[in-house]
Amino acid sequence: MQPSKEREASTEDVTDDLDSLLDDDLAADERGGDADADSAGSSAATATADDGGRIGVDGRWFSLKSFAVALGAIAVGVFAGGAIPIIGGTIGSIGGVFLAAFLLGVVFSGRRYAELGVAGAAAGAGTAVASVLGVGFLPIGIDYLQQWGLALLAVGGGLGLAVALVGHYFGRDLRAGLTADID
């Protein structure tokens, strides 16, 4: 073998070993205990084959399908919350993010904090920018965004992220309470 091919082969072996170790740890955490040495390789292969990876269309850590559902639900929640006549505006939009994340927490069987957090942050940042541009004269809003735009995005995105995560947490908590056996 050539020296470059030996390095590539050794690098692939190291990353494969690292992936299998991470998969073993994740599989052990999901089962609630340590993985046996005999079943470690088979559980890692099964977890990788079933889930299709950690990040992707059906990933364990970030799923594009779940993100699309979360983004759509949060967009509907922001629109519906902003359309409420008395509350409306920013407060109604944030309430819509909370309600959408809460309902998705009740509906989704798995944890989807990453997807809902990103969707909530995007909705919060978008709502913050839209509320500035929608108030008053457009050149004044653009001048305000030039001066304070980054801070406005950070505050709006952070608020959307926090509200979405809290809503999803409470939705999952309600789901766990509804599906638990009564002694």
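For clarity, every value in this text was computed on a predicted model and none was experimentally measured.

Rules and cut-offs
- Residues numbered from 1 in each chain as written.
- Predicted model: local features only at pLDDT ≥ 70, side-chain atom pairs only at ≥ 80, totals over all residues.
- Heavy atoms only, no water.
- Core = buried A, V, L, I, M, F, W, Y, C linked by side-chain atoms within 4.5 Å.
- Buried < 20%, exposed > 50% of the residue type's maximum accessible area, 1.4 Å probe, protein only.
- Helix = DSSP H or I, 4+ residues; strand = E, 2+ residues; numbered from the N terminus.
- Contact = heavy atoms within 4.5 Å.
- Phe/Tyr/Trp six-rings, centres within 6.5 Å; stacked < 30°, edge-to-face > 60°.
- Polar contact = N/O pair within 3.5 Å; in protein donor to acceptor, adjacent residues only side chain to side chain.
- Axes fitted to C-alpha atoms, helices over the stretch in contact; angles between N-to-C directions.
- Parallel < 35°, antiparallel > 145°, perpendicular 65-115°, else oblique.
- Left-handed = near helix turned anticlockwise from the far one by under 90°.
- Nonpolar A, V, L, I, M, F, W, Y, C, P; charged D, E, K, R; others polar.

Participant: Now, about the nonpolar core: what can you tell me, with residues and values included?
Facilitator: Ranked by size, the top nonpolar core spans 14 residues in total, and within it A70, I74, V78, V97, L104, L116 and A123 carry the most contacts. For this core, the elements supplying multiple residues, two or more each, are helix 3 (64–82), helix 4 (89–107), helix 5 (113–133) and helix 6 (138–179). Here this core gets five residues from one element, more than from any other, and that element is helix 4. Once residues lying within four places of it in the same chain are set aside, the contact partners of L116 are A70, I74, A101, L104, A164 and H168.

Participant: Kindly report on the packing of aromatic side chains, identifying the contributing residues and their values.
Facilitator: A full pass over the atoms with the stated rule returns two aromatic pairs. Ring centres of Y169 and F170 lie 5.6 Å apart, and the angle between their planes is 65°; on these two criteria the pair is classed as edge-to-face. On the accessibility criterion, F170 (39% relative accessible area) is partly exposed.

Participant: Any details on the side chain of E115? Residues and values, ideally.
Facilitator: Here E115 is to be found in helix 5. For E115, a relative accessible area of 1% corresponds to the buried category. Looking at E115, its side chain comes within polar contact range of the side chain of R112, at 3.1 Å. If we skip the residues at most four places from it in the chain, E115 touches W61, F62, S63, S66, F67 and A70.

Participant: With reference to specific residues and values, describe the packing of helix 5 against helix 6.
Facilitator: Interaxial distance between helix 5 and helix 6 falls to 5 Å at its minimum, and their mutual angle equals 150°. Here helix 6 runs roughly antiparallel to helix 5, going by the angle between their axes. Between helix 5 and helix 6 lies a crossing of right-handed hand. For the contact of helix 5 with helix 6, a count of residues per class yields 18 nonpolar, eight polar and one charged.

These values are about where atoms sit, not about what they do.
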